[in-house]
Amino acid sequence: MIFGRPERGKPPVEPVTLKILVAGGFGVGKTTLVGAVSEIRPLRTEEYLTEAGRPIDDLTGVERKHTTTVAMDFGRITLREDLVLYLFGTPGQERFWFMWDELSEGALGAVVLADTRRLEDCFAAVDYFERRDIPFLIGVNCFEGADRYPEADVRGALDLDDDIPVILCDARDRRSVRDVLVGVVQHAMDYGTERRQTVTT
């Protein structure tokens, strides 16, 4: 590959495309994560928060948040010449959870973003992917001013199995987000291999 073009005489590579979900609670950074890493202009379905939603939307810890995703975020990143990820960010508020079944169709795996100030907000996403047997990892979004906890503490607080990865990240940083996405692809592949081995034994 020279300057992004196939070498002379080599046929172009048809990339494998994989679908990854980005889930988590309200205001945890899903839209930011997709936007930080997407190589195309991300599709966003955000609406302004209104006074009518104040009794429903808990803004504790995210008081400066003015918009919310009502359907999904969408972005794309090429990890390698032969591997492209399509990213689908799910809405975080309970009243929009009916979208999750549609978005999770055909997904290889998921990133569950967590905020240590509001860990309980990602319980629903963890439960959702466990019940549907979709491999996932926890990306702890390290907000400024939030306490940092060891991986073991986060794992214990969320009651996670030992094989579910927990990765500290910054949803604003492209390299950090890329590491998380590489992690979820690897975890999903390992998960699939283990399941096939279980079936054949």
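Bear in mind that the values here come from a model prediction, so they are computed numbers and not experimental data.

J.: Quick question: what am I supposed to make of the packing of helix α1 (residues 30-37) against helix α5 (residues 174-200) here?
T.: In helix packing, the relevant descriptors are the interaxial angle and the interaxial distance, both defined with respect to the helix axes. At a closest axis distance of 9 Å, the pairing of α1 and α5 adopts a crossing angle of 100°. Of the possible angle classes, the one that applies to α1 and α5 is roughly perpendicular. Contacts between α1 and α5 pair L33, A36 and V37 from the former with R174, V177, R178 and L181 from the latter.

J.: So what exactly am I meant to see when it comes to the pairing of strand β6 (residues 136-141) here?
T.: The side chains of a regular strand alternate, residue by residue, between the two faces of the sheet. Buried residues dominate β6, accounting for 6 of its 6 residues. Where burial is concerned, the two faces of β6 agree: the one with F136, I138 and V140 and the one with L137, G139 and N141 are both buried. Handedness of the crossover joining strand β5 (residues 109-114) and β6 through helix α3 (residues 123-131): right-handed. Bridging between β6 and strand β7 (residues 166-169) involves 4 bridges; their strand directions are parallel. Within β7, the position partnered with G139 by the bridge is I167. For the handedness criterion, the β-α-β arrangement of β6, helix α4 (residues 151-158) and β7 is classed as right-handed.

J.: Looking at this structure, I do not really get the pattern of salt bridges. What am I missing?
T.: Side chains bearing opposite charge may pair, as long as their charged atoms lie close to each other. Overall, the coordinates contain 10 salt bridges when judged by the stated rule. The salt bridge involving D115 is made with R117; its shortest N-O contact spans 2.9 Å. For D115, a relative accessible area of 3% gives the class buried. Two residues, R172 and E144, come together in a salt bridge whose shortest N-O distance is 3.3 Å. One end of the pair, R172, is in the loop between β7 and α5; the other, E144, is in the loop between β6 and α4, with 28 residues separating them in the sequence. An identical accessibility class is assigned to R172 and E144; each is exposed. Each of the salt bridges in this network shares a partner with another, and the network as a whole consists of E144, D170 and R172.

J.: What exactly am I supposed to notice about the packing of aromatic side chains here?
T.: Where two aromatic rings form a pair, the distance of their centres and the angle of their planes describe that pair. Under the defined criterion, the tally for this structure stands at 6 aromatic pairs. Centre to centre, the rings of W100 and F129 are 6.2 Å apart; their planes meet at 15°, and the pair counts as stacked. In this pair, W100 sits in helix α2 (residues 99-104) while F129 sits in helix α3, placing the two residues 29 residues apart along the sequence. Each of the two residues, W100 as well as F129, counts as buried. An aromatic cluster of at least three residues, connected via ring pairs, comprises W100, Y128, F129 and F136. A cation sits over an aromatic face here: K19 above F88, 4.7 Å from the ring centre.

J.: What exactly am I supposed to notice about the environment of D82 here?
T.: Inspection of the secondary structure assignment puts D82 in the loop between β3 (67-80) and β4 (83-89). Apart from the residues within four sequence positions on either side, D82 is in contact with V13, P15 and V16. Engagement of the side chain of D82 in a polar contact is seen with the side chain of R80, the distance being 2.9 Å.

J.: Please explain the nonpolar core as it appears in this structure.
T.: General note: in soluble globular proteins, nonpolar side chains tend to be found buried as a group. Ranked by internal contacts, the top residues of the largest apolar core, which has 27 residues, are L21, V112, F129, F136, I138, L158 and L160. Elements supplying a minimum of two residues to this core: β1 (16-24), β3, α2, β5, α3, β6 and α4. When residues of this core are assigned to their parent elements, the largest contribution, 4 residues, is made by α3. Setting aside chain neighbours within four positions, we find L158 in contact with L119, C122, F123 and I138. Within the second largest apolar cluster, 22 residues are counted, among which are V28, L113, C169 and V185.

Cut-offs used in this document
- Residues numbered from 1 in each chain as written.
- Predicted model: local features only at pLDDT ≥ 70, side-chain atom pairs only at ≥ 80, totals over all residues.
- Heavy atoms only, no water.
- Axes fitted to C-alpha atoms, helices over the stretch in contact; angles between N-to-C directions.
- Helix = DSSP H or I, 4+ residues; strand = E, 2+ residues; numbered from the N terminus.
- Parallel < 35°, antiparallel > 145°, perpendicular 65-115°, else oblique.
- Contact = heavy atoms within 4.5 Å.
- Buried < 20%, exposed > 50% of the residue type's maximum accessible area, 1.4 Å probe, protein only.
- Right-handed = clockwise from strand over helix to strand, strands pointing away.
- Pairing = 2+ DSSP bridges.
- Salt bridge = Lys/Arg side-chain N within 4 Å of Asp/Glu carboxyl O.
- Phe/Tyr/Trp six-rings, centres within 6.5 Å; stacked < 30°, edge-to-face > 60°.
- Lys NZ or Arg CZ within 6 Å of the ring centre and 35° of its normal.
- Polar contact = N/O pair within 3.5 Å; in protein donor to acceptor, adjacent residues only side chain to side chain.
- Core = buried A, V, L, I, M, F, W, Y, C linked by side-chain atoms within 4.5 Å.

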